[in-house]
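For reference, the chains in residue letters:
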Amino acid sequence: MTEAILLVGGKGTRLRPLTVHTPKPMVPAAGVPFLTHQLARARAAGVDHIVLATSYLAEVFEPHFGDGSALGLHLEYVTEKEPLGTGGALRNVAERLRSGPDEPVLIFNGDILTGLDIRALVGTHQSTGADVSLHLTKVTDPRAYGLVPTDDTGRVLAFLEKPQTPEEIVTDQINAGAYVFRRSVIDSIPAGRPVSVERETFPGLLAAGAHLQGMVDSTYWLDLGTPAAFVRGSADLVMGRAPSPAVPGRRGDRLILPTARVASDAKLTGGTVVGEGAFVAEGARVCGSTILPGAVIEPGAVVTDSLIGSRARVGERSVLTGAVVGDGAVVGADNELRDGVRVWCDARIPAGAVRFSSDQ
């Protein structure tokens, strides 16, 4: 098992304004672009050749990662001129693959943080002789996901759209976004048009009698599609709850990157990350949050479960909970931002302008 495709072309719409200037896989998590964690875990599992299927802001990937040699990988980049969907993206990069028709190719979605045992998924694929093998995970509430029921041997029986009624919830197993494809299956996907593996390729393979195998791995799994999830994923990486060989420091309550400055009486907890060149001033309290490079947290500010963009500023005594502040934005002193509020890039909020409670 030496080859993989990483699907990194999405626009990251649910993560805006984080993705206005940065593609989703390049937003920092635990101090490095999220994609770094995926590449490092693939390398640790024995993968050495990875093709990145890019589209949105495609030009930023190669200058950062180059040929991949710094990570012990050989990276190639293929850019979609028009969005092709998951299946179309796979077909679009097929000519860069080296595998023979019956050899396995690992596929990752670019927004999933997981503790998946990659070698075990490949082993399951090979031992069962499957055409496609899927990582499945169990969730408490599967209503927001497509369901993937399997038989006693793990063979996939169906792909069911998001259930609308309790009767439709026939399993708690969902598609977790990592696959092993037989190379010939990738080559069989129609070229030059959008194709969804979930809605077209997988159901079509089942209908044709192909063998699709599910492997349930219920270790750590998180879809980083929303700002709240992204911040939580970064904190879990810092605290060691989510595995990655790419975290640039010791696991613990906080991660302070080189050139960042933190006042001696500031308090950082809950897996907080302070990026390079950022500053957390005296009396500030930051919990479970990501402070991106060059951002400033002024004296007495309280930041919880939030993401503060590059070069952004949070004013004195402001209280942020579950907030996202875009790159270059300024939140003035004595503001209170809560519960999913998003401050756009370069916006300016005057002192004392926004509150969710009395100022007394």
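Residues numbered from 1 in each chain as written. Predicted model: local features only at pLDDT ≥ 70, side-chain atom pairs only at ≥ 80, totals over all residues. Heavy atoms only, no water.

**Student:** I'd love a proper account of helix α7 (residues 227-239), names of residues and values included.
**Tutor:** With 13 residues, α7 ought to run about 18 Å at 1.5 Å a step, and its terminal C-alpha atoms sit 18 Å apart, in line with that. Most of α7 is tucked away: 10 of the 13 residues are buried. All of the buried residues in α7 are Pro227, Ala229, Phe230, Val231, Gly233, Ser234, Ala235, Asp236, Leu237 and Val238. Positioned one or two residues after α7, glycine 240 has a phi angle of 85°, which is positive. (Helix = DSSP H or I, 4+ residues; strand = E, 2+ residues; numbered from the N terminus. Expected span 1.5 Å × (residues − 1). Buried < 20%, exposed > 50% of the residue type's maximum accessible area, 1.4 Å probe, protein only.)

**Student:** Summarise the pairing of strand β9 (residues 173-182); cite the residues concerned and give the values.
**Tutor:** Along any regular strand the residues' side chains alternate between the sheet's two faces. Of all 10 residues in β9, 10 are buried; the element is thus mostly enclosed. Relative to β9, strand β6 (residues 104-109) is paired through 5 bridges, and the arrangement is antiparallel. Residue pairing in the sheet places leucine 106 in a bridge with valine 180 of β9. Bridging between strand β8 (residues 132-138) and β9 involves 6 bridges; their strand directions are antiparallel. Counted as the bridge partner of leucine 134 is tyrosine 179 from β9. (Pairing = 2+ DSSP bridges.)

**Student:** Provide a residue-level description of the pattern of salt bridges, including the pertinent values.
**Tutor:** By the definition in use, this model includes 15 salt bridges. A salt bridge links lysine 138 to aspartate 172, with the nearest nitrogen and oxygen atoms 3.3 Å apart. Residue lysine 138 is found in strand β8, and its partner aspartate 172 is found in the loop between β8 and β9; the two are separated by 34 residues along the sequence. Residue aspartate 172 is classed as partly exposed on the basis of its relative accessible area, which comes to 30%. For glutamate 336, the salt bridge goes to arginine 355, with nearest N and O atoms at 3.6 Å. Here glutamate 336 is found in strand β26 (residues 336-338), whereas its partner arginine 355 is found in the segment after β28 (348-349), with 19 residues between them in sequence. (Salt bridge = Lys/Arg side-chain N within 4 Å of Asp/Glu carboxyl O.)

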